[in-house]
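Letter by letter, the chains look like this.
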Amino acid sequence: DLAPRTLRKLFERLGATYVKLGQFVASSPTVFPEEYVLEFQNCLDSTPTVSFETVKTIVEADLGKPLSEVYSKFDETPLASASVAQVHAARLVSGEDVVVKVQKPGVKDTLAADLGFLEVAAKALEFIAPDLSRLSVAAIVQDLRTSMLGELDFRAEGKCLDEFREFIRANGLEEVATAPAYYPAQSAGKVLTMERLYGVPLVDLEGIKEFSSNPEQTLFNALNTWTLSVVGCDFFHADVHAGNLLVLQDGRVGFIDFGIVGRIPPSIWGALQGVALGAAEGDYTVVAESLVQMGATDRDVDVPAFARDLEAVVKSLNDIEPMVTAAVTPTGDVAATMAVDEQQV
């Protein structure tokens, strides 16, 4: 469609901040229209590149030594280019195949300026139109600003790689998943050197079949690993899209690009447990208190009244009696439909 394509090209012309926002659109199919999600997927790993001479200058300045003292081979053509950095294949002087993530010049200043403007604009918009505060626009922009600026220190990403690999080892997942090994001695704030993983994107079904005899199970392995990391790791991968999940030649799932991670505070976990326990025991006061604790309601909410409303909603849902109809199709298959009384809903 013309509108999504035009907007995507405009974002690319506006620079790194807006490309990053475009990647947020591409990774949020439940929030944005399908045609925009599909179009902005072009922002995931195909943004304009910078020259090899610029990359070499950045690497040597950040590592404090000539390129040839660190890498015996360094491909001039990048494997991928994103809004903040581009990635080059290389080989260490010690012989390991690696990929080198290099931050593009001027990105930090551009992101800080653009995101600062967007944050002020969002707060001004909420002030002018108070009803928009319910959408938490300013809070969303503030979270994006924090995560995107945090992405600029590649040493933090390297630490996440180490922690995620330890999480995989501690949970016995080494046979189904992995993440690249981090090389701290060959990394710095703007340069990240990590193990090169060989594989195909998780959406490449034909490619997956070459490496996995059970593609469906491979997908489940990726989902289960990520879900367990939300619960059992200090952080979780917050930028999971097709470009950041690989099916490796040995059939394992490779998680890459930990530039953006999410962390759930202990207070929120406690509140979620309260919601689950309260719902299981039918104690809607506990459910209401837990929802208030996690910030899911207005600050001045009447907890007892909220609990009664929750109980009424759950009771009305339990009272709904669905009507299921089964029939045999002309091809011999059995098809079933389910309907509910609209008055009950």
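For the structure itself, look to the data block above.
Since this is a predicted model, take the numbers as computed values, not measurements. (Residues numbered from 1 in each chain as written. Predicted model: local features only at pLDDT ≥ 70, side-chain atom pairs only at ≥ 80, totals over all residues. Heavy atoms only, no water.)

Topic: the packing of aromatic side chains
In plain terms, the rule: Any two rings among Phe, Tyr and Trp, with Trp reduced to its six-membered ring, count as a pair given centres within 6.5 Å; such a pair is stacked if its planes are under 30 degrees apart, edge-to-face if over 60, and tilted if neither. Each residue is placed in one exposure class: buried if its accessible area under a 1.4 Å probe, protein chains only, is under 20% of its type's maximum, exposed if it is over 50%, and partly exposed if it falls in between. For helices the rule is a DSSP run of H or I covering at least 4 residues; for strands it is a run of E covering at least 2, with both sets numbered from the N terminus onward.
Taken as a whole, this structure holds 8 aromatic pairs when the rule is applied. Both rings, one in Tyr71 and one in Phe74, keep their centres 5.3 Å apart while their planes meet at 70 degrees; by these two values the pair is edge-to-face. For the pair Tyr71 and Phe74, one class covers both residues: buried. Between the aromatic rings of Phe164 and Phe258, the centroid separation amounts to 4.9 Å while the plane-to-plane angle is 50 degrees, which identifies the pairing as tilted. Highlighted residues: Phe164 in helix H8 (residues 154-170) and Phe258 in the loop between strand E10 (253-255) and strand E11 (261-262), separated in sequence by 94 residues.

A word on the environment of Ser212
Here is the rule we go by: Between N or O atoms, a polar contact is any pair within 3.5 Å; within protein, one atom must be a potential hydrogen donor and the other a potential acceptor, and residues adjacent in sequence are included only when both atoms are from side chains.
As for its position among the elements, Ser212 is in the loop between helix H9 (205-211) and helix H10 (215-232). On the basis of relative accessible area, Ser212 is assigned to the buried category, the value being 9%. Each C-alpha atom, one on Ser212 and one on Gly251, is 5.0 Å from the other, the two residues being 39 residues apart in sequence. Within polar-contact distance, the side chain of Ser212 engages the backbone nitrogen of Asn214 at 3.2 Å.

Concerning H8
Test applied: In this analysis, the expected span of each helix is defined as 1.5 Å times one less than the number of residues it contains.
Helix length check: H8, at 17 residues, gives a terminal C-alpha distance of 24 Å against a target of 24 Å (1.5 Å per residue), a fit within 8%. For H8, the full list of buried residues reads Phe154, Glu157, Gly158, Cys160, Leu161, Phe164, Phe167 and Ile168. Two or three places before Arg155, at the opening of H8, Asp153 has a side-chain oxygen 3.1 Å from that residue's backbone nitrogen. Remark: Gly172 follows H8 within two positions and exhibits a positive phi of approximately 65 degrees.

Thoughts on a nonpolar patch on the surface
Note the threshold: Patch definition: residues with relative accessible area over 30% and no salt bridge; like charges joined within 9 Å; nonpolar side chains (Val, Leu, Ile, Met, Phe, Trp, Tyr) joined within 5 Å. Working definition of accessibility: Shrake-Rupley area with a 1.4 Å probe, residue cover restricted to the visible protein chains. Salt bridges are identified by distance alone: a Lys or Arg side-chain nitrogen within 4 Å of an Asp or Glu carboxyl oxygen.
Together, Leu7, Leu10 and Leu14 make up a nonpolar patch on the protein surface, roughly 230 Å² of accessible area in all. In this fold, Leu10 is placed in helix H1 (residues 2-14). For Leu10, a relative accessible area of 43% gives the class partly exposed.

Honestly, that's just the spatial picture; any functional story needs more than this.
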